[in-house]
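# Architecture at a glance
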Amino acid sequence: MSSFFSWFVIIGTLASLLYFFLLLQMNRTGNKPGETTGHNYDGIEEYDNPLPAWWYWGFIFSIVFGIGYLLYYPGLGNFPGLSGWTQVGQLEAEQALAEARYGPIFAQYRDIPVAELANNPAAMKMGHRLFINNCAVCHGAAATGSFGFPNLTDSEWLWGGENIETTLTHGRTAAMPAWQSVLGDAGVQEVTEYVLQLAGREVDADLSARGEVHFTTYCTACHGPEAKGQAMFGAPDLTNEIWLYGNSRMRIEHVIKNGRNGVMPAFEPRLGADKVHILAAYVKSLSAG
Ligand code: HEC
Ligand code: HEC
């Protein structure tokens, strides 16, 4: 990276300090104490006195303090400062402190299996707070999800109810392919009709029958022979009225046509294994109740 802006800031900052100092000195010389400057506003006259000493030295102190501060902390362009202080360093130090203090609180549940931990009120209170801080932005405060973000309180799992901890640890990326180029408009319409029939809707029997052929050819590999979904691929059960991307014919057709790649982020790198373990139990407790 060019050092232009570094020098721009350094020179600009030091030149301003010098300018303030010179301005201050100019105000101290050539005064005529006791006389007026000749300025007169509505009978109020301005005396030509120098700055009071406390004020002058206040300014000098500020300038000296400013220079000292800029030498000690990073502030002058790319100059790192003599103290070695950095934002990242301070953050890391505080995180290490917090980890040392609070880590053991989370670690105490490390060896309790998820299913058992889900019945531990103290741990679930922690799980709730962790969920609000880390998960509610996407899944909602009540974990009921929204468009594109699965409901975690129902009994349907994309990636398997027994795999929750793995889901949280490594994250998940769903791969629902786009079928427009394979099936064309008519094919997409037909298979949509069949998917709607699977979910128990009233459909056009002819269209749906043609759709079933496409479905058996292209869709069962992931959604399973009975369209009940397969956790290995994160492919949802299509035989009920639980929809991740909307329940209308138009929405469902849109997914089939264009595909979808829902992404659940990995949390182990962010929160560590102990908190993930508590969260997995918390998610488990939501659907158990
Ligand atoms: C490679 C695996 C794979 C194949 C093949 C596949 N799907 Fe999917 N499908 C998925 C995954 C994974 C999702 C979930 C997408 C997400 O979570 O973002 C999905 C989602 C869907 C949804 C949305 C469900 C909802 O709840 O909103 C529909 C509808 C669907 N697929 C229909 C089909 C049809 C019809 C076919 C065949 C033409 C098909 N899929 C083929 C993997 C697949
Ligand atoms: C940036 C948004 C986002 C955040 C934050 C997020 N999730 Fe997710 N999560 C998703 C999406 C999107 C999916 C669905 C992925 C897919 O389409 O397969 C998902 C899927 C899941 C699943 C799998 C659901 C199933 O049916 O198998 C679980 C469990 C889960 N999230 C729990 C959590 C927890 C616990 C947290 C907090 C630690 C969290 N999520 C934070 C977006 C998010």
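Conventions we followed
Residues numbered from 1 in each chain as written. Chains lettered and ligands numbered in written order. Predicted model: local features only at pLDDT ≥ 70, side-chain atom pairs only at ≥ 80, totals over all residues. Heavy atoms only, no water. Domains from an automatic or database assignment. Contact = heavy atoms within 4.5 Å. Buried area = accessible area lost by both parts, 1.4 Å probe. Near = heavy atom within 4 Å. Polar contact = N/O pair within 3.5 Å; in protein donor to acceptor, adjacent residues only side chain to side chain. Helix = DSSP H or I, 4+ residues; strand = E, 2+ residues; numbered from the N terminus. Nonpolar A, V, L, I, M, F, W, Y, C, P; charged D, E, K, R; others polar. Salt bridge = Lys/Arg side-chain N within 4 Å of Asp/Glu carboxyl O. Buried < 20%, exposed > 50% of the residue type's maximum accessible area, 1.4 Å probe, protein only. Donors = N, O, S within 2.8 Å, 3.2 Å for Na, K, Ca; no water. Tetrahedral: all angles 85-135°; square planar, octahedral: opposite > 155°, others 65-115°. Pairing = 2+ DSSP bridges. Arc of directions from axis to C-beta. Phe/Tyr/Trp six-rings, centres within 6.5 Å; stacked < 30°, edge-to-face > 60°.

A few words on the domain arrangement of the protein chain. What the domain assignment lists for the protein chain is domain 1 (4–72), domain 2 (90–173 + 265–288) and domain 3 (180–261). Between the C-alpha centres of domain 2 and domain 3 there is a distance of 32 Å. With 11 residues of domain 2 at the interface, the matching set in domain 3 holds 15 residues. Across the domain 2 to domain 3 interface the summed buried area is about 980 Å²; carbon plus sulfur atoms make up 65%.

In this section: the site of ligand 2. Ligand 2 sits among 25 residues. The nearest are Cys 135, Cys 138, His 139, Leu 158 and Met 264. A distance of 2.7 Å is found between an oxygen atom of ligand 2 and a backbone nitrogen or oxygen belonging to Leu 158. At 2.8 Å, a side-chain N or O of Trp 159 approaches an oxygen atom of ligand 2. Contributions of two or more residues to the shell around ligand 2 are made by α6 (136–139), α7 (164–170), β4 (263–264) and α12 (273–288). Residues of the shell around ligand 2, tallied by class, amount to 19 nonpolar, 5 polar and 1 charged.

Counting across every chain of the model gives 5 salt bridges. A salt bridge links Arg 210 to Glu 190; its shortest N-O distance comes to 3.1 Å. Separated by 20 residues along the polypeptide, Arg 210 in helix α9 (residues 205–223) and Glu 190 in helix α8 (residues 180–198) bring together distant segments of the chain. The class of Glu 190 is buried, set by a relative accessible area of 9%.

A separate point is the coordination of the iron atom of ligand 1. Looking at the metal site, the iron atom of ligand 1 is ligated by Met 176 (SD) and His 223 (NE2), spaced 2.0 to 2.1 Å from it. Classification of the site at the iron atom of ligand 1 as octahedral follows from its 6 donor atoms and the range of 87 to 179° in their angles at the metal. Note that Met 176 is positioned in the loop between β3 (172–173) and α8 and His 223 in helix α9, a separation of 47 residues in sequence. On the accessibility criterion, His 223 (9% relative accessible area) is buried.

Take the coordination of the iron atom of ligand 2 next. The protein atoms that coordinate the iron atom of ligand 2 are His 139 (NE2) and Met 264 (SD), at distances of 2.0 to 2.2 Å. Note that the iron atom of ligand 2 binds 6 donor atoms; their angles at the metal cover 88 to 179°, and the shape is octahedral. With a gap of 125 residues between them, His 139 in helix α6 and Met 264 in strand β4 connect regions that are remote in the sequence. Owing to a relative accessible area of 10%, His 139 belongs among the buried residues under this scheme.

Pairing of strand β1 (residues 36–41) with strand β2 (residues 44–47) involves 3 bridges; the strand directions are antiparallel. By the bridge assignment, Thr 36 is partnered in β2 with Tyr 47. With antiparallel pairing between neighbouring strands as the criterion, β1 and β2 make up a hairpin whose turn holds 2 residues, including Asp 42 at a positive phi of roughly 50°.

What follows covers the site of ligand 1. Within the structure, ligand 1 sits among 26 residues, and Met 176, Cys 219, Cys 222, His 223 and Tyr 245 are positioned closest to it. Taking Tyr 245, its side chain carries an N or O atom lying 2.5 Å from an oxygen atom of ligand 1. Between ligand 1 and Gly 262, the relevant distance is 2.8 Å, taken from an oxygen atom to a main-chain nitrogen or oxygen of the residue. Those elements that place two or more of their residues in the shell around ligand 1 are α8, α9 and α10 (249–258).

With that settled, consider the environment of Glu 45. Along the polypeptide, Glu 45 turns up in strand β2. Spatially, the C-alpha atom of Glu 45 lies 9.9 Å from that of Glu 35, the residues being 10 residues apart in sequence. Beyond its immediate stretch of four places on either side in the chain, Glu 45 contacts Thr 36, His 39 and Asn 40.

What follows deals with α10. Buried residues of α10: Ile 252, Val 255 and Ile 256, and no others. In a view along the axis of α10, the buried residues occupy a sector of 95°, so they form one face of it. Next to the buried residues of α10 lie α8. With its phi angle positive at about 75°, Gly 259 sits one or two positions after the end of α10.

Turning our eyes to something else, we now look at the packing of aromatic side chains. Aromatic ring pairs are defined here through the distance separating the ring centres and the angle between the ring planes. Scanning all chains against the criterion turns up 16 aromatic pairs. On the basis of an interplanar angle of 35° and a centroid distance of 6.0 Å, the ring pair of Phe 65 and Tyr 69 is categorised as tilted. Within this pair, Phe 65 and its partner Tyr 69 are both found in helix α2 (residues 53–72), separated by 4 residues, close to a single helical turn. With a relative accessible area of 45%, Tyr 69 lands in the partly exposed category. With 5.5 Å between their ring centres and 45° between their planes, Phe 131 and Tyr 282 make a pair best called tilted. Of the two residues, Phe 131 sits in helix α5 (residues 121–134) while Tyr 282 sits in helix α12, which places them 151 residues apart along the sequence.

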